[in-house]
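Observations on the model geometry
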2 protein chains.
Amino acid sequence: MFELRQKSGKARRGILKTAHGEIQTPFFMTIATAGAVKGLLPEEVKNLGGQILLSNTYHLHLRPGEEVVEKAGGLHKFMNWDGPILTDSGGYQVFSLAKIRKLKADGVEFQSHLDGSRIFLTPEKAIEIQQKLGADIIMCLDECPGAHEERAYVKKSLELTTRWAKRCKDYHEIHKDKSMLFGIVQGGMHSDLRKESAKQLTEIGFDGYAIGGLSVGEPNEVMYKMLDETLPELPEDKPRYLMGVGTPEDILEAVERGIDMFDCALPTRNARHGYLFTSKGVVRIRNEAHKEDFATLDPDCGCYTCKNYTRAYLRHLFISAEPLSLRLNTLHNVAFYLNLMKKIREAIGKDRFGDFKKAFLATAKSS
Amino acid sequence: MFELRQKSGKARRGILKTAHGEIQTPFFMTIATAGAVKGLLPEEVKNLGGQILLSNTYHLHLRPGEEVVEKAGGLHKFMNWDGPILTDSGGYQVFSLAKIRKLKADGVEFQSHLDGSRIFLTPEKAIEIQQKLGADIIMCLDECPGAHEERAYVKKSLELTTRWAKRCKDYHEIHKDKSMLFGIVQGGMHSDLRKESAKQLTEIGFDGYAIGGLSVGEPNEVMYKMLDETLPELPEDKPRYLMGVGTPEDILEAVERGIDMFDCALPTRNARHGYLFTSKGVVRIRNEAHKEDFATLDPDCGCYTCKNYTRAYLRHLFISAEPLSLRLNTLHNVAFYLNLMKKIREAIGKDRFGDFKKAFLATAKSS
């Protein structure tokens with residue numbers, strides 16, 4: 001259940017109620033691909049203000065398998081996280097990770113990137129797996145066309161996505177549990193196809209609507225335009241989720257247009273590669289300049305890393321490939337993203353989102 | 001300053017006073033090679049009962065360099081640990097890690113295993129580096145012969161170690177700080193040479209005595225024999241440190257003979273490789289048998305890993321090469337070692353060390 005509480009321009013603030021608790025929107029979902037955030041404990045994410053984790057159906061289906069997770073008492077218990085969990089349908093990973101994929105009317109056949117085994121994923125199967133995992137928010141199986149596919153292909157693809165969405169909804173109606181089911185808008189970089197997809201999904205009716213197939217290589221401006229065109233077609237009283245996006249700037253642009261939910265590997269993946277988000281822009285911690293830099297990483301950040309360590313120490317850990325490097329970097333980047341979302345919610349609450357966005361971007365570019 | 005408080009047979013319980021606080025003996029030092037425990041925060045080690053960390057002079061000299069650490073305010077501040085730190089002299093790493101080494105009367109020349117640069121380490125330089133790092137307990141530079149060196153070589157080597165120890169002591173006397181300086185007994189697997197080394201070092205006089213050059217490939221019984229022969233030659237009122245040892249069984253055998261201090265990479269390194277210490281013996285977590293094993297890793301352990309996760313989840317993390325695997329495994333293995341030391345101290349306190357040792361070994365071998 002979604003309650004829209006407040007607006008600042010088109011930016012929205014609300015509450016999303018799940019079987020594992022309420023979430024303040026807009027929010028960012030920290031990635032726990034295979035049932036674990038890379039290097040952090042679930043309770044650390046919670047202490048940083050994390051409200052929900054995202055796990056990947058594709059990964060968990062391949063390893064350890066949803067049967068094992070179900071026997072363990074579900075994903076929450078398995079990974080020791082009692083807050084909400086969203087799982088994706090696996091569609092995007094089949095598209096981006098699997099070695100061979102063969103699209104059929106009934107579903108998609110693909111080869112595991114781990115052991116080459118052949119797997120057939122149908123809309124019904126995607127829901128069944130997610131229900132066995134026990135997620136609070138589950139996603140319809142979709143087909144995600146690349147950024148440069150021809151219009152004719154994209155049109156056919158979105159129609160397939162709609163038919164699959166209907167089958168997911170039907171299966172979910174019959175096998176009712178506490179999960180909320182979201183549809184995924186596709187349509188590539190074509191405004192009319194995006195609108196068509198949004199309308200078709202709204203007719204079927206979902207607990208929330210995701211925008212998929214963006215941030216796949218197109219210019220930012222194209223992505224923003226797609227949001228501008230698509231969002232008015234979606235019902236105001238349902239949450240909107242922009243999948244796999246993005247940089248702090250992208251998030252601000254999307255919130256401004258009315259997006260409520262985000263996920264992205266950027267904070268965790270960049271942490272592993274030593275790219276650290278700060279209020280003054282990105283710090284590349286391996287740089288020689290930090291060798292004797294005994295300053296705090298980000299004086300505007302109150303996270304454990306910033307409170308206890310210097311840039312010189314973080315550089316030393318990174319250069320030395322110490323496991324603590326990944327951990328302290330990830331802690332900071334996740335803190336940065338979750339703090340950003342908190343500030344966004346506060347700004348919307350004060351109906352000053354536009355000012356906040358402008359100030360944030362000005363500071364981030366100042367260094 | 002060392003206070004011997006109690007004995008149970010030859011096993012000793014006491015207090016070692018350092019510039020950064022008192023340590024209950026016997027104790028185990030968790031390895032923080034390059035100024036970081038692999039995957040754990042210093043405060044986590046403290047919360048598990050860790051009293052002291054050990055860092056490696058060789059590694060810190062090469063990277064980031066003792067000058068950087070000194071400018072950072074010393075190793076304690078650099079790594080955010082306010083308890084005692086012991087640094088080794090670098091001698092053992094020159095022996096085991098460096099590509100080329102050339103022993104000279106004055107010191108040892110070696111090539112960095114990182115970048116091939118040529119470094120000349122003298123006894124004086126080894127002390128100077130450790131003092132710049134700011135360690136509480138520092139070690140003399142020694143030469144560590146292999147387990148199969150000929151007697152003549154070992155004899156010459158121990159005499160070199162003694163001469164270097166004298167030079168370390170002299171340098172330390174002149175450049176006095178709050179650090180305690182330990183000598184290192186060598187002598188290979190030859191009882192008479194071990195005794196000679198112990199006597200020579202005792203004559204020079206140190207704050208504590210380490211036994212080096214054991215656990216380098218010899219059978220356990222030979223190591224125990226060397227301890228039996230050497231320890232009576234060392235002063236009762238100084239702490240004795242068995243370097244780089246070892247398994248829980250080795251530790252029990254050595255405590256029984258009167259050793260007060262240990263360090264070993266085993267708990268942290270084995271954690272990374274998925275070998276987990278439990279009260280019923282070692283668990284190889286990757287084993288297929290744990291795939292649906294929803295039991296606690298070690299029901300006798302109260303660590304975070306054992307309280308919150310199943311063997312099935314730990315196996316999943318290990319198989320998936322998740323960074324959280326290293327972290328949860330390390331946390332547990334370090335907890336196991338530190339708990340073992342706590343139980344050892346309690347058993348000595350009750351003058352029941354022999355019974356404790358017997359019971360521990362019987363249970364560990366029961367699975």
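Residues numbered from 1 in each chain as written. Chains lettered and ligands numbered in written order. Predicted model: local features only at pLDDT ≥ 70, side-chain atom pairs only at ≥ 80, totals over all residues.

1. Re the overall build of chain A
- When you go through chain A residue by residue, the secondary structure sums to 15 helices and 16 strands.
- Taken against the 2.2 N^0.38 rule, which gives 21 Å for 367 residues, the C-alpha radius of gyration of chain A at 20 Å falls within 12% of a compact globule.
- By principal-axis analysis of the C-alpha atoms, chain A measures approximately 60 × 45 × 40 Å.
- For chain A, buried positions account for 55% of its 367 residues.
- In chain A, the share of contacts with a sequence separation of at least 24, taken over all contacts with a separation of at least 6, comes to 68%. (Helix = DSSP H or I, 4+ residues; strand = E, 2+ residues; numbered from the N terminus. Rg over C-alpha atoms; globule rule 2.2 N^0.38 Å. Buried ≥ 20, exposed ≤ 12 C-beta atoms within 10 Å, placed from the backbone. Contact = placed C-beta atoms within 7 Å.)

2. A closer look at the relation of the copies chain B and chain A
- The two copies are related by a screw motion: chain B maps onto chain A through a turn of 180° and a shift of 0.0 Å along the axis, at an RMSD of 0.0 Å. Look at the turn and shift together and you get a two-fold axis relating the two. When C-alpha positions in chain B are compared against the rotation axis, the closest is assigned to proline 323 of chain B, at 3.9 Å.
- When the interface residues of chain B are mapped onto chain A, 100% of them again fall at the interface, so both copies present the same face. (Least-squares fit on C-alpha atoms with pLDDT ≥ 70 in both.)

3. Comments concerning the nonpolar core
- Core analysis: the biggest nonpolar cluster contains 220 residues, and Phe182 of chain A together with Phe182 of chain B have the highest contact counts within it.
- Contact partners of phenylalanine 182 of chain A, with chain neighbours within four places excluded, come to Ile137, Met139, Cys140, Phe206, Asp207, Gly208, Tyr209, Ala210 and Tyr241 of chain A. (Core = buried A, V, L, I, M, F, W, Y, C linked by C-beta atoms within 7 Å.)

4. Remarks on unusual backbone geometry
Residues and elements named next belong to chain B.
- Omega for the bond connecting threonine 25 with proline 26 falls within 30 degrees of zero, at -5°, which places this linkage in the cis form.
- Its location among the elements puts proline 26 in the loop between β3 (21-25) and β4 (27-31).
- The omega torsion of the bond from valine 245 to glycine 246 falls at 0°, within 30 degrees of zero and hence cis.
- Residue position: glycine 246 is located in the loop between β13 (240-242) and α10 (248-257).
- Positive phi, normally seen in glycine, also occurs at asparagine 80, with a value near 60°.
- Within the element layout of this structure, asparagine 80 appears in the loop between α4 (75-79) and β6 (85-87).

5. Some remarks on the packing of helix α7 (residues 151-174) of chain B against helix α8 (residues 191-204) of chain B
Residue and element names in this part refer to chain B.
- Two numbers describe how α7 lies on α8: the axes approach to 10 Å, and their chain directions differ by 15°. Our classification of the angle between α7 and α8 gives roughly parallel. Relative to α8, α7 is oriented so that their crossing is right-handed. On the side of α7, the interface is formed by Val154, Lys155, Leu158, Thr161, Thr162, Ala165, Lys166 and Lys169, while α8 contributes Leu193, Glu196, Ser197, Gln200, Leu201 and Ile204.
- Looking at the contact of α7 with α8 residue by residue, the classes come out as six nonpolar, four polar and four charged. (Axes fitted to C-alpha atoms, helices over the stretch in contact; angles between N-to-C directions. Parallel < 35°, antiparallel > 145°, perpendicular 65-115°, else oblique. Left-handed = near helix turned anticlockwise from the far one by under 90°. Nonpolar A, V, L, I, M, F, W, Y, C, P; charged D, E, K, R; others polar.)

6. Some points on the sheet that holds strand β9 (residues 118-121) of chain A
Residue and element names in this part refer to chain A.
- An order of β7-β8-β9 is seen for the three strands of this open sheet, with the pairing classed as antiparallel. A single partner strand is all that each edge strand has here, and the edge strands are β7 (101-103) and β9. Here the average twist between neighbouring strands, direction ignored, is 15°.
- The pairing of β7 with strand β8 (residues 108-111) spans three bridges and is antiparallel. Directly across from leucine 103, in β8, lies its bridge partner valine 108. (Pairing = 2+ DSSP bridges.)

7. Here's the deal with the domain arrangement of chain A
Residues and elements named next belong to chain A.
- Parsing chain A into structural domains produces domain 1 (2-264) and domain 2 (266-367).
- A C-alpha centroid distance of 27 Å is found between domain 1 and domain 2.
- Counting residues at the interface gives 29 residues for domain 1 and 30 residues for domain 2.
- Those elements giving two or more residues to the side of domain 1 that touches domain 2 turn out to be β1 (2-8), β2 (11-18), β4 (27-31), α1 (42-47) and α10 (248-256).
- Element by element, the count of residues in the side of domain 1 that touches domain 2 is highest for α10, at six residues.
- Here the residues of the side of domain 1 that touches domain 2 sort into 14 nonpolar, 10 polar and five charged. (Domains from an automatic or database assignment.)

8. So, the pairing of strand β15 (residues 275-278) of chain A
All names here are of chain A.
- Two strands pair when backbone bridges link them, and β15 and strand β16 (residues 281-284) are joined in this way by four bridges, in the antiparallel orientation. Looking at β16, one finds that tyrosine 275 is bridged to arginine 284.
- As consecutive antiparallel partners, β15 and β16 are separated by two residues.

9. Remarks on the sheet that holds strand β7 (residues 101-103) of chain B
All names here are of chain B.
- Read across the open sheet, the three strands follow the order β7-β8-β9; overall the sheet is antiparallel. Unpaired on one side and paired on the other, β7 and β9 (118-121) mark the two borders of the sheet. Across this sheet, the average inter-strand angle for adjacent strands is 15°, counted without regard to direction.

10. Thoughts on the interface of chain B and chain A
- If you look at the interface, chain B gives 30 residues, while chain A gives 30 residues.
- Of all the secondary-structure elements, those providing two or more residues to the side of chain B that touches chain A are α3 (66-71), α4, α13 (311-319) and α14 (323-349) of chain B.
- In terms of residue count, the dominant contributor to the side of chain B that touches chain A is α13 of chain B (five residues).
- Of the residues belonging to the side of chain B that touches chain A, the class tally is 16 nonpolar, seven polar and seven charged.

11. Overview of the environment of proline 64 of chain B
- Tracing the sequence through the fold places proline 64 of chain B in the loop between α2 (57-62) and α3.
- Of the residues examined, proline 64 of chain B has 24 C-beta atoms within 10 Å and is grouped as buried.
- Sequence separation between proline 64 of chain B and glutamine 130 of chain B is 66 residues; the distance between their C-alpha atoms is 14 Å.
- Those residues in contact with proline 64 of chain B, other than ones at most four positions away along the chain, are Lys291 and His316 of chain A together with Val69 of chain B.

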